[in-house]
Amino acid sequence: MKYDEGKERINLVPVDVIKACARVFAFGADKYGENNWRNDIPVTNWVRSYDSIQRHLMAWIERENTDPESGLPHLDHALTQLMILKMQTLYGPEAMDNRYGENK
């Protein structure tokens, strides 16, 4: 008998969304180098990633669906950048947390 209790239910994540993010990561790899974002985790301020997410979302809400540079959807860029921000918060140094606020 196999025990799957407590394991992530990966089958619940939409495959189309995973593929969309993979296309943005591939664009970034072609432009900046493969896995470059991983090397940037220790040196990239979190708000920089947040800004990128917001710029893509603002373009989308203003009815610009496609990023003019990559030709990929702004929502895909925002999702990918959110994944990177999550990785920064998990594995980056606390010194890169440059959010404004009292808890600094």
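Just so it is clear, the model here is predicted, and its values are computed rather than measured.

> Looking at this model, I keep getting lost on the layout of surface pockets. Mind explaining?
Remark: the empty space left among the atoms is shown by a probe the size of a water molecule rolled over them. Here the largest pocket is characterised by a volume of approximately 710 Å³. Surrounding the largest pocket, 27 residues form its lining, Tyr-32, Asn-36, Ser-52, Gln-81 and Ile-84 being those nearest its centre. Of all the secondary structure elements, the ones that give two or more residues to the lining of the largest pocket are helix 1 (15–32), helix 2 (36–40), helix 3 (46–61) and helix 4 (74–91). A per-element tally of the lining of the largest pocket places helix 1 first, with seven residues. For the lining of the largest pocket, the residue count by class is eight nonpolar, 12 polar and seven charged.

> Looking at this structure, how should I read the pattern of salt bridges?
Two side chains bearing opposite charge may form a pair once their charged atoms approach each other closely. Within this structure, the stated rule accounts for three salt bridges. Between Asp-4 and Lys-7 there is a salt bridge, with its nearest N and O atoms 3.6 Å apart. In this structure Asp-4 comes out as partly exposed when scored by relative accessible area, which is 45%. The shortest N-O distance in the salt bridge between Glu-69 and Lys-31 comes to 2.4 Å. Remark: Lys-31 occurs in helix 1 and Glu-69 occurs in the loop between helix 3 and helix 4; sequence separation between them is 38 residues.

> Any chance you could explain the packing of aromatic side chains here in plain terms?
A full pass over the atoms with the stated rule returns one aromatic pair. Here the aromatic rings of Phe-25 and Trp-37 are separated by 5.5 Å at their centres, their planes lie at 45°, and the arrangement is tilted. Separated by 12 residues along the polypeptide, Phe-25 in helix 1 and Trp-37 in helix 2 bring together distant segments of the chain. The exposure class assigned to Trp-37 is buried, which follows from its relative accessible area of 15%.

> I would appreciate a short explanation of the packing of helix 1 against helix 4 in the present structure.
Between two packed helices, the angle of one axis relative to the other and the distance separating the axes together describe the packing. Packing of helix 1 against helix 4 brings their axes to within 9 Å, and their N-to-C directions diverge by 80°. The angle between the axes of helix 1 and helix 4 places the two elements in the roughly perpendicular class. Each of Val-17, Ala-20, Cys-21, Val-24, Phe-25 and Phe-27 in helix 1 lies in contact with helix 4, whose residues at this interface are Asp-76, His-77, Leu-79, Thr-80, Met-83 and Ile-84. Class assignment for the residues of the contact of helix 1 with helix 4 results in nine nonpolar, two polar and one charged.

Each value, and the rule that gives it
Here the residue numbering is sequential within each chain, running from 1 through the sequence in written order. Only residues with pLDDT of at least 70 are given local features in this predicted model, and only at 80 or more are side-chain atom pairs given and counted; all residues enter the totals for whole chains, interfaces and linings. With hydrogens and water excluded, all non-hydrogen atoms of the structure serve as input to the side-chain values. A pocket here means an open set of points on a 1 Å grid, computed over the protein atoms alone, that has protein on both sides within 12 Å along at least five of seven lines. A cavity is instead a set of points where a 1.4 Å probe fits but cannot get out; residues with an atom within 4 Å of a point line either one. Grid points are joined across faces, edges and corners, and a volume is the space filled by probe spheres set on the points. In this text, helices come from DSSP runs of H or I with a minimum length of four residues, and strands from runs of E with a minimum of two, each type numbered from the N-terminal end. Residues are grouped as follows: Ala, Val, Leu, Ile, Met, Phe, Trp, Tyr, Cys and Pro are nonpolar; Asp, Glu, Lys and Arg are charged; every other residue, Gly included, is polar. In the sections that follow, a salt bridge refers to a side-chain nitrogen of Lys or Arg positioned within 4 Å of a carboxyl oxygen of Asp or Glu. Each residue is placed in one exposure class: buried if its accessible area under a 1.4 Å probe, protein chains only, is under 20% of its type's maximum, exposed if it is over 50%, and partly exposed if it falls in between. Two rings belonging to Phe, Tyr or Trp (six-membered ring only in the last case) form a pair when the distance between their centres is within 6.5 Å. Interplanar angles under 30 degrees mark stacking, angles over 60 mark edge-to-face geometry, and anything in between is tilted. All axes here are fitted lines through C-alpha atoms, helices being fitted over the stretch that makes contact, and every angle between N-to-C directions spans 0 to 180 degrees. Any angle between 65 and 115 degrees counts as roughly perpendicular, while under 35 counts as roughly parallel, over 145 as roughly antiparallel, and the rest as oblique. Here, residues are in contact when the closest pair of their heavy atoms is within 4.5 Å.

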